[in-house]
Amino acid sequence: MTQRSSSLRFAGLICALAFVLGVVSPVLARAASKLKVVTSTTDLAEFAAQVGGDRVEVESIARGYQDPHFVEAKPSFLLKLRRADLLITVGLQLEIGWLPPLITQCGNRNIQAGAKGYLDTSQFAEILEIPAGIVTRAMGDVHPFGNPHYWLDPENGRRIARGIATKLAEMQPQDSAYFEERFQAFSKRLDEAQKAWDAEMKPFRGRKVVTYHRSWPNLTKRFGLEVVGEIEPRPGIPPGPRHTVEIIQMMKRDNVKVILVEPYFDLKTPNAIARETGAQVVVLLPSVGGEKEATDYFKLFDYDIALLTRAFQATQ
Ligand SMILES: [Zn+2]
């Protein structure tokens, strides 16, 4: 038997097998057509899973309790990216310190910036704090295209989910009705959740807060809170004594009683400021998976709003 006929026979066998599997097991056939989606953060993974349902396989590179500006690159990330059909990123340079080299090194042409399998969701969202002038290093880690922590407004969550649903439908047109239906269900659920969150936060509109990093402009805007200062003297720059004293004076003067801190920052300075000012430190979650209770986008807001309302009540 020649090499060629044996390989032909083998190919025939594979076809027959695929046919049998397709007939007896639609589940297996479905598994073969699942889009492999990799996201930079857990929040984007959550939106992709919400609208993609069982037609996608979603994995996030960063964990929800990690600082998304600084993720340590691991070889396993390259493998994930190599087999991905779609890469979804936050953009606005949030991942600039770690993602671009992974994208170039993974050798997957389809997910390079600008390719069909690359989606930057900042294009769908309302972006705040876009710098008016020229951005220099002296300003700290300022993101020149605006604040990248935009997913922390449910309205932006809806827009991101919408954008992802459209992208999934473009990549897998046979499932477009399914993705649309899933998006509509997500959006409806978000409407209802948002009514409850707005009602819970309503008594605290206008309250002033200090935050560690500028992670919260979209969240505070949505719920009518006012950020009056940051513990970081400039974005990405650790707190120093002079700035800390200024923050303490300002908090005393303006009667600011709540300090919001992301889970990956040292609590030493926030706690010291709280002792001086009688304020409460609230470790608020910026991302899904930041704590084990925050298993999805809805639970993330449930968690954060419960902490916020408790802190505002305690410091009336
Ligand atoms: Zn940031």
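Residues numbered from 1 in each chain as written. Predicted model: local features only at pLDDT ≥ 70, side-chain atom pairs only at ≥ 80, totals over all residues. Heavy atoms only, no water.

Draft legend 1. Local environment of unusual backbone geometry. Of note, the phi angle at leucine 92 is positive, near 50°, even though the residue is not glycine. Note on placement: leucine 92 falls in the loop between strand E3 (86–89) and helix H5 (99–105). The backbone of glutamine 93 shows a phi angle near 70°, a positive value even though the residue is not glycine. With respect to the helices and strands, glutamine 93 occurs in the loop between E3 and H5. (Helix = DSSP H or I, 4+ residues; strand = E, 2+ residues; numbered from the N terminus.)

Draft legend 2. Highlighting the sheet that holds strand E2 (residues 56–60). The strand order across the open sheet formed by 4 strands is E2-E1-E3-E4, and the pairing between neighbours is parallel. Looking along the sheet, the strands with just one partner apiece sit at the ends: E2 and strand E4 (118–120). Across the sheet, the mean angle separating the axes of adjacent strands is 20° when strand polarity is ignored. Relative to E4, E3 runs parallel, the two sharing 3 bridges. (Pairing = 2+ DSSP bridges. Axes fitted to C-alpha atoms, helices over the stretch in contact; angles between N-to-C directions.)

Draft legend 3. Here's a closer look at the environment of arginine 222. Of note, arginine 222 is situated in helix H8 (residues 217–222). By relative accessible area, which is 26% here, arginine 222 ends up partly exposed. Linking arginine 222 and proline 154, residues 68 residues apart in sequence, is a C-alpha distance of 8.2 Å. When sequence neighbours within four positions are dropped, the list of residues in contact with arginine 222 reads Asp153, Pro154, Glu155, Gln194 and Arg205. Here the side chain of arginine 222 touches aspartate 153 through a polar contact of 2.9 Å, side chain to side chain. (Buried < 20%, exposed > 50% of the residue type's maximum accessible area, 1.4 Å probe, protein only. Contact = heavy atoms within 4.5 Å. Polar contact = N/O pair within 3.5 Å; in protein donor to acceptor, adjacent residues only side chain to side chain.)

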